[in-house]
Amino acid sequence: MLVAAAVCPCPPLLVPDVAAGAAPELDAARAACTDALGVLAAARPDRLVVVGPAEQSGRGPHSEGARGTFRGFGVDLDVRLGRNGAQVSEDPATGFEPVEGADRPLPPSLAVAAWLLGRTDWSDAPVEGLGVGEPLAAERCIQSGREIATRAERVALLVMGDASACRTLKAPGYLDDRAAGFDAAVAQALGTADVAALQALDAELAYELKASGRAPWQVLAGAGEGAGLAGALLYEDAPYGVGYVVAAWS
């Protein structure tokens, strides 16, 4: 059953080494992410599942200890997914078992998640990752979330993804007048743990607005069915013309 969730944006710029001189611009977002991960730790989960958008090579499961890197962004920095970055194999005490794909590199979204977990010295529960593709239909996302929620008695989710990339003329997707309304609806749904609203997100509109978080948010919506969790919006802004939302469910 889902007992807690944290929702964070996934730009590599969250990592100060990548952002370099622009790092202070996202200090508030980083602080909010730290607070959201604190909610996960306080829930004492038996398992943490990290979900984030991924291209074809990064889709599917990633086991604890999987490696990620920011070398493609010009930074000599590697990360590992899991408790204190440790490589873990089968753990009889927790029931965690490695899954297929353990040696594949993490997609950037999960590498950012691994960095966030390492920054907070996560050691509370075994961790596994799931990279989901942008085209994944809402029904499949929701079903995947339902299945994740049954993997342990107390499951927590760290959900990575950005809102629209079309909030300004200089945004990656240029200015789209629909972007602000879409992002406001997303922030409202995530901040209030509105499962139905997340399940009803328009996948085609999300694609047109380059919102990478749509599929991961709908995985969260499936996992959250019947959990009765309350939400809190911790951060919402659009630096660089991209919508970033941080929320916590508990």
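Everything below is about the structure shown above.
Residues numbered from 1 in each chain as written. Predicted model: local features only at pLDDT ≥ 70, side-chain atom pairs only at ≥ 80, totals over all residues. Heavy atoms only, no water.

S.K.: Before we move on, can you summarise the overall build of the protein chain with the specific residues and values?
M.R.: Scanning the protein chain for helices and strands turns up eight helices and nine strands. Expected size for 250 residues packed as a compact globule is a radius of gyration near 18 Å; at 16 Å, the protein chain falls within 12% of this value. Dimensions along the principal axes, computed over C-alpha positions, put the protein chain at roughly 50 × 45 × 30 Å. A burial count over the protein chain gives 55% of its 250 residues as buried. Across the protein chain, the fraction of contacts at a sequence separation of at least 24, relative to all contacts at a separation of at least 6, is 77%. Accessible surface, the protein chain as shown: approximately 10,500 Å² in total, 51% of it carbon and sulfur. (Helix = DSSP H or I, 4+ residues; strand = E, 2+ residues; numbered from the N terminus. Rg over C-alpha atoms; globule rule 2.2 N^0.38 Å. Buried < 20%, exposed > 50% of the residue type's maximum accessible area, 1.4 Å probe, protein only. Contact = heavy atoms within 4.5 Å. Areas by Shrake-Rupley, 256 points an atom, 1.4 Å probe, with all protein chains shown as cover.)

S.K.: Can you lay out helix α2 (residues 27-42) for me, pointing to particular residues and giving the numbers?
M.R.: With 16 residues, α2 should cover 22 Å at 1.5 Å per step; its first-to-last C-alpha distance of 23 Å lies within 8% of that length. When α2 is considered as a whole, its buried residues turn out to be Ala29, Arg30, Ala32, Cys33, Ala36, Leu37 and Leu40. Buried residues along α2 cover an arc of 160° about the axis, so they all sit on one side. Among the exposed residues of α2, those oriented more than 90 degrees off its buried face are Asp35 and Ala42. (Expected span 1.5 Å × (residues − 1). Arc of directions from axis to C-beta.)

S.K.: Got a sec to walk through the side chain of serine 144? Specific residues and values, please.
M.R.: Turning to its location among the elements, serine 144 is positioned in helix α4 (residues 138-148). By relative accessible area, which is 17% here, serine 144 ends up buried.

S.K.: Run through the sheet that holds strand β2 (residues 47-53), naming residues and quoting values.
M.R.: The sheet built from seven strands is open, its strands ordered β3-β6-β2-β7-β1-β9-β8 with mixed pairing. Looking at which strands have only one partner, the edges of the open sheet turn out to be β3 (60-62) and β8 (231-237). Along the sheet, successive strands turn relative to each other by an average axial angle of 20°, direction set aside. On top of the sheet, helix α8 (residues 214-223) reaches β1 (2-8), β2, β6 (127-132), β7 (155-160) and β9 (244-249); it is set at about 160° to β7, its chief contact. (Pairing = 2+ DSSP bridges. Axes fitted to C-alpha atoms, helices over the stretch in contact; angles between N-to-C directions.)

S.K.: Describe unusual backbone geometry, naming the residues involved and giving the relevant values.
M.R.: The backbone of arginine 44 sits at a positive phi, close to 50°, despite the residue not being glycine. Within the element layout of this structure, arginine 44 appears in the loop between α2 and β2. Judged by its relative accessible area of 68%, arginine 44 falls in the exposed class.

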